[in-house]
Amino acid sequence: MKIVAVANQKGGVGKTTTSVNLAACLAARGKRVLLIDLDPQANATSGLGVPPMEGQSIYGPLLGHEPLADKVLPTRWENLFLIPGDLELAGSEVEVARSEGHLTRLRTAMEPLRADHPFDYVLLDCPPSLGILMTNALAAADELLIPIQCEYYALEGLSKIDHVVAQIRECGANPALEIGGIVMTMFMRNNLAQQVIHEVQEHFGQLLYKTVIPRSVRLAEAPSHGKPIIEYEPTGLGSTAYKALADEFLARH
Ligand SMILES: Nc1ncnc2c1ncn2[C@@H]1O[C@H](COP(=O)(O)OP(=O)(O)O)[C@@H](O)[C@H]1O
Ligand SMILES: [Mg+2]
């Protein structure tokens with residue numbers, strides 16, 4: 001079982017879109033996938049057409065009150081499971097932060113999963129801030145998948161994440177944490193985007209996925225229908241891209 005944190009401290013870079021669609025594509029390839037929505041905004045949850053549900057998020061397990069396995073829901077898609085997000089998660093910034101071992105609460109809550117490995121992959125859709133939830137995700141994960149937008153500040157953002165990863169390793173919360181991959185999102189064919197991709201490639205080499213996710217209105221529309229892109233528009237550019245990303249992801253693992 002691999003635990004992958006889909007993370008970037010910046011909002012609006014395609015974390016949730018990538019979490020939902022990569023999870024759906026991996027499930028369609030026959031892998032058993034658990035998607036954990038760690039964002040109080042719960043966009044990954046609504047993106048899979050799951051209505052808000054009180055008390056079903058990872059919040060209880062984070063506080064050590066309930067087993068994580070109790071929160072796992074099946075979805076309409078075979079092999080795809082979800083722990084939904086909810087607003088209660090926002091309380092973690094206070095409640096979890098003041099509890100013992102506050103950085104490794106998620107890691108601890110996931111230990112039974114590591115032992116039983118009922119899933120091939122667990123994807124953690126992280127919120128867009130360097131708060132307690134993202135830190136817990138990094139402490140629990142085997143590796144990071146970093147979506148970044150093809151824009152001028154991309155490299156600057158990446159060096160910040162690099163720094164955070166080093167801190168998580170050095171403080172002992174997760175000495176084995178690695179950056180597993182970087183994926184460029186919302187690509188539009190222009191000189192700046194090409195140049196940014198070139199620069200990321202120079203700095204991060206093999207870590208950069210060859211698959212680039214294009215900007216596509218369909219990808220932005222799909223969540224409002226509660227569907228991953230492979231169901232919303234099975235043959236479009238977005239589907240093709242996320243299927244290619246899933247194949248590349250599987251080849252790396
Ligand atoms: N490839 C894409 N093409 C067009 N719109 C996209 C694409 N990826 C994401 N979006 C849209 O951009 C916004 C931010 O994406 P999201 O995945 O929610 O980012 P994050 O989780 O990093 O905040 C959302 O409205 C989403 O639908
Ligand atoms: Mg998000």
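What counts as what
Residues numbered from 1 in each chain as written. Chains lettered and ligands numbered in written order. Predicted model: local features only at pLDDT ≥ 70, side-chain atom pairs only at ≥ 80, totals over all residues. Heavy atoms only, no water. Helix = DSSP H or I, 4+ residues; strand = E, 2+ residues; numbered from the N terminus. Expected span 1.5 Å × (residues − 1). Buried < 20%, exposed > 50% of the residue type's maximum accessible area, 1.4 Å probe, protein only. Arc of directions from axis to C-beta. 1 Å grid on protein atoms, 1.4 Å probe; cavity = no way out; pocket = protein on both sides within 12 Å on 5 of 7 lines; lining within 4 Å. Points joined across faces, edges and corners; volume = space filled by probe spheres on them. Nonpolar A, V, L, I, M, F, W, Y, C, P; charged D, E, K, R; others polar. Axes fitted to C-alpha atoms, helices over the stretch in contact; angles between N-to-C directions. Parallel < 35°, antiparallel > 145°, perpendicular 65-115°, else oblique. Contact = heavy atoms within 4.5 Å. Near = heavy atom within 4 Å. Polar contact = N/O pair within 3.5 Å; in protein donor to acceptor, adjacent residues only side chain to side chain. Areas by Shrake-Rupley, 256 points an atom, 1.4 Å probe, with all protein chains shown as cover. Sits in = over half its atoms within 2 Å of the grid points.

Visitor: Teacher, can you tell me more about helix 8 (residues 154-170) here?
Guide: Each α-helix winds once per 3.6 residues, and so residues spaced three or four apart point in a common direction. Relative to the 24 Å expected for 17 residues at 1.5 Å per residue, helix 8 spans 25 Å between its end C-alpha atoms, a close match to the ideal helical length. Within the sequence span of helix 8, burial applies to Ala154, Gly157, Leu158, Ile161, Val164, Val165 and Ile168. Along helix 8, the residues classed as buried sweep out an arc of 120° about the axis, all on the same side. Of the residues in helix 8, the exposed ones pointing more than 90 degrees away from the buried face are His163 and Glu170.

Visitor: Teacher, can you tell me more about the layout of surface pockets here?
Guide: To find leftover empty space, a probe the size of one water molecule is rolled over the atoms. In this model, the largest pocket occupies a volume close to 510 Å³. Of all the secondary structure elements, the ones that give two or more residues to the lining of the largest pocket are helix 1 (15-28), helix 2 (43-47) and helix 10 (217-221). It is helix 1 that provides the largest number of residues to the lining of the largest pocket, a total of six residues. Per-class residue counts for the lining of the largest pocket are 15 nonpolar, 11 polar and four charged.

Visitor: Even after reading the chapter, I still don't get the packing of helix 1 against helix 12 (residues 237-252), so can you show me in this structure?
Guide: The geometry of a pair of packed helices is captured by two quantities: the angle between their axes and the separation between those axes. With their axes 9 Å apart at the nearest point, helix 1 and helix 12 run at an angle of 70° to one another. Taken together, the axes of helix 1 and helix 12 lie roughly perpendicular to each other. The segment helix 1 lies against helix 12, with Thr17, Thr18, Asn21, Leu22, Cys25 and Leu26 engaging Tyr242, Lys243, Leu245, Ala246, Phe249 and Leu250. Its residues assigned to classes, the contact of helix 1 with helix 12 shows eight nonpolar, three polar and one charged.

Visitor: Is there a simple way to think about the site of ligand 1 in this case?
Guide: Lining the immediate surroundings of ligand 1 are 14 residues, of which Gly12, Thr16, Thr17, Pro214 and Ser216 lie closest. Note that an oxygen atom of ligand 1 is positioned 2.9 Å from one of the side-chain N or O atoms of Thr16. The separation between a nitrogen atom of ligand 1 and a polar main-chain atom of Pro214 is 2.9 Å. Contact with the protein chains removes 78% of the 560 Å² of surface that ligand 1 exposes when unbound. According to the grid-proximity analysis, the pocket containing ligand 1 is the largest pocket. Here the element with the most residues in the shell around ligand 1 is helix 1; it accounts for three residues. Residue composition of the shell around ligand 1, grouped by class: six nonpolar, six polar and two charged.

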